[in-house]
Amino acid sequence: MSEIIVVTSGKGGVGKTTTSASIACGLARRGKRVAVLDFDVGLRNLDLVMGCERRVVYDFVNVINGDCTLKQALIKDKRIDSLFVLAASQTRDKEALSREGVRRVLDELIADGFDYIVCDSPAGIEKGAHLAMYFADRAIVVVNPEVSSVRDSDRILGLLASKTERAEKGESPVKEHLLLTRYSPRRVGSGEMMSVDDVKEILGIEVIGVIPESPDVLSASNAGTPVILNSESDAAMAYEDAVARLLGDTVPLRFLEERKRGFLARVFGG
Amino acid sequence: MGLLAFFRRSPATASLAKERLRIIVAQERSTRDGPDYLPLLRRELLEVIRKYVNVDPEAIQINLEREDGHEVLELSVALPEKGAAE
């Protein structure tokens, strides 16, 4: 059985692409066959985060238009055998993705035996975002503990409940999960930032992961190595936990408390 | 955290964020699946009511509830306490 997972948020810059890359890597490292698809037509970036930008020959729109086969367009990851990337097109024509075209690509991936298809949604609620979520079985809503991100996430939850194929056909609803990113336990502790529980209470859905604010996320995108592959990093461990939860394991949330630092470290920073 | 920040704590604004979000999210959810005219209807009703009573813009709640087969439009206005409005 294949599962289609959309990674979405409404607001931009909250970590959708970072999350798509890490979740896809995490699933693939556990032996699943995974394809990760960039739906951000005109603003391709998943390829950079995955580190395969120089190997993009054909893209999503080329496949839909029949310029190439899906096999030709899928970029095989150099680190993990069972992981494939489909780059977004850099065309300025936002209408280039069609619902039927996307359906054909997804059907072919399913027929090809992929276990997971991860759809990296663009920001906003326009066509790309709509198509990224339309066929989803499951949604990971990426949210920062910050007012505009939380509000936008609620809009997205509304769309998941009404503007997806499952909603339109009256099938069982898309499974929704929250993934908090850029979480700062120190600022939560001092009352400056909303806590996981606050966000969960406002949005009313279950939390699949909390990724602590970490400099490793920027280093990872600089290097084109999904952060989950940096095993030293708190962010990687937090993503690894989220992948385990996605696969049905019960794993307690980590990195919600501030690490104890010495007096000198606190005074002089670091 | 540097030396300055160590002595100057930021204000605890998270509870303010939560409260504001709780209200706006509840309001947006109540009109989410409703017809597009609901926000306009809410604004115009508010204008009419304010001709007579000086109510707070946030004191008006408009909800659309669906019960099997029919819809109920529920309007609630919190009137100001006596004397407070003048």
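Predicted model, so just to flag it, every value in this text is computed and none were measured.

Let us look at the packing of helix α10 (residues 196-203) of chain A against helix α2 (residues 14-32) of chain B. One way to put it is that α10(A) packs onto α2(B) with a least axis distance of 9 Å and a crossing angle of 20°. As summarised for this structure, α10(A) and α2(B) are arranged roughly parallel, according to the angle between their axes. As α10(A) packs across α2(B), the resulting crossing turns out to be right-handed. Each of Asp198(A), Glu201(A), Ile202(A) and Leu203(A) in α10(A) lies in contact with α2(B), whose residues at this interface are Lys18(B), Leu21(B), Val25(B) and Arg29(B). For the contact of α10(A) with α2(B), the class distribution of residues is 4 nonpolar, no polar and 4 charged.

Mapped onto the secondary structure, Arg92(A) falls in the loop between β4 (83-86) and α5 (99-111). Given the relative accessible area of 82%, Arg92(A) is considered exposed.

All names here are of chain A. Viewed as axis vectors pointing N to C, helix α1 (residues 16-29) and helix α12 (residues 234-246) meet at an angle of 65°, and their least axial separation amounts to 9 Å. Crossing geometry of α1 relative to α12 is assigned as right-handed. Where α1 abuts α12, its residues Thr18, Thr19, Ser22, Ile23, Gly26, Leu27 and Arg29 lie against Tyr239, Glu240, Ala242, Val243 and Leu246. Here the contact of α1 with α12 is composed, by residue class, of 6 nonpolar, 4 polar and 2 charged.

Let us now look at the pattern of salt bridges. Throughout the structure, instances matching the rule amount to 20 salt bridges over all chains. A salt bridge links Arg79(A) to Asp77(A), with the shortest nitrogen-to-oxygen separation between them at 2.7 Å. Overall, the relative accessible area of 39% leaves Arg79(A) in the partly exposed class. We classify Asp77(A) as buried; its relative accessible area is 6%. Notably, a salt bridge pairs Asp154(A) with Arg29(B), separated by 2.5 Å at the nearest N-O pair. With one member in each of two chains, Asp154(A) in helix α7 (residues 147-160) and Arg29(B) in helix α2 form a pair that bridges those chains. The class for Arg29(B) is partly exposed, based on a relative accessible area of 33%. Residues participating in the shared-partner salt-bridge network are Glu100(A), Arg103(A), Glu165(A) and Lys169(A).

All names here are of chain A. Throughout the structure, instances matching the rule amount to 3 aromatic pairs over all chains. Considering the side-chain rings of Phe39 and Phe60, the 5.0 Å spacing of their centres and the 75° angle between planes classify their relative orientation as edge-to-face. With Phe39 in the loop between β2 (34-38) and α2 (46-50) and Phe60 in helix α3 (residues 60-65), this residue pair connects regions lying 21 residues apart in the sequence. One exposure class covers both Phe39 and Phe60, and it is buried. Geometry around Phe114 places Arg33 over its ring, the cationic atom sitting 4.2 Å from the centre. The ring of Tyr134 carries Arg99 above its face, with NZ or CZ at 3.7 Å from the centroid.

What follows deals with the environment of Val7(A). Residue and element names in this part refer to chain A. As for its placement among the helices and strands, Val7 is situated in strand β1 (residues 3-8). Taking the C-alpha atoms as reference points, Val7 and Ala139, 132 residues apart in sequence, are found 6.0 Å from one another. Each residue touching Val7, except ones within four places of it in the same chain, is listed here: Lys16, Thr19, Ser20, Val118, Cys119, Asp120, Ser121, Ile140 and Val142.

Calculation rules
Residues numbered from 1 in each chain as written. Chains lettered and ligands numbered in written order. Predicted model: local features only at pLDDT ≥ 70, side-chain atom pairs only at ≥ 80, totals over all residues. Heavy atoms only, no water. Axes fitted to C-alpha atoms, helices over the stretch in contact; angles between N-to-C directions. Helix = DSSP H or I, 4+ residues; strand = E, 2+ residues; numbered from the N terminus. Parallel < 35°, antiparallel > 145°, perpendicular 65-115°, else oblique. Left-handed = near helix turned anticlockwise from the far one by under 90°. Contact = heavy atoms within 4.5 Å. Nonpolar A, V, L, I, M, F, W, Y, C, P; charged D, E, K, R; others polar. Buried < 20%, exposed > 50% of the residue type's maximum accessible area, 1.4 Å probe, protein only. Salt bridge = Lys/Arg side-chain N within 4 Å of Asp/Glu carboxyl O. Phe/Tyr/Trp six-rings, centres within 6.5 Å; stacked < 30°, edge-to-face > 60°. Lys NZ or Arg CZ within 6 Å of the ring centre and 35° of its normal.

Purely geometric stuff here, so don't read any function into it on its own.
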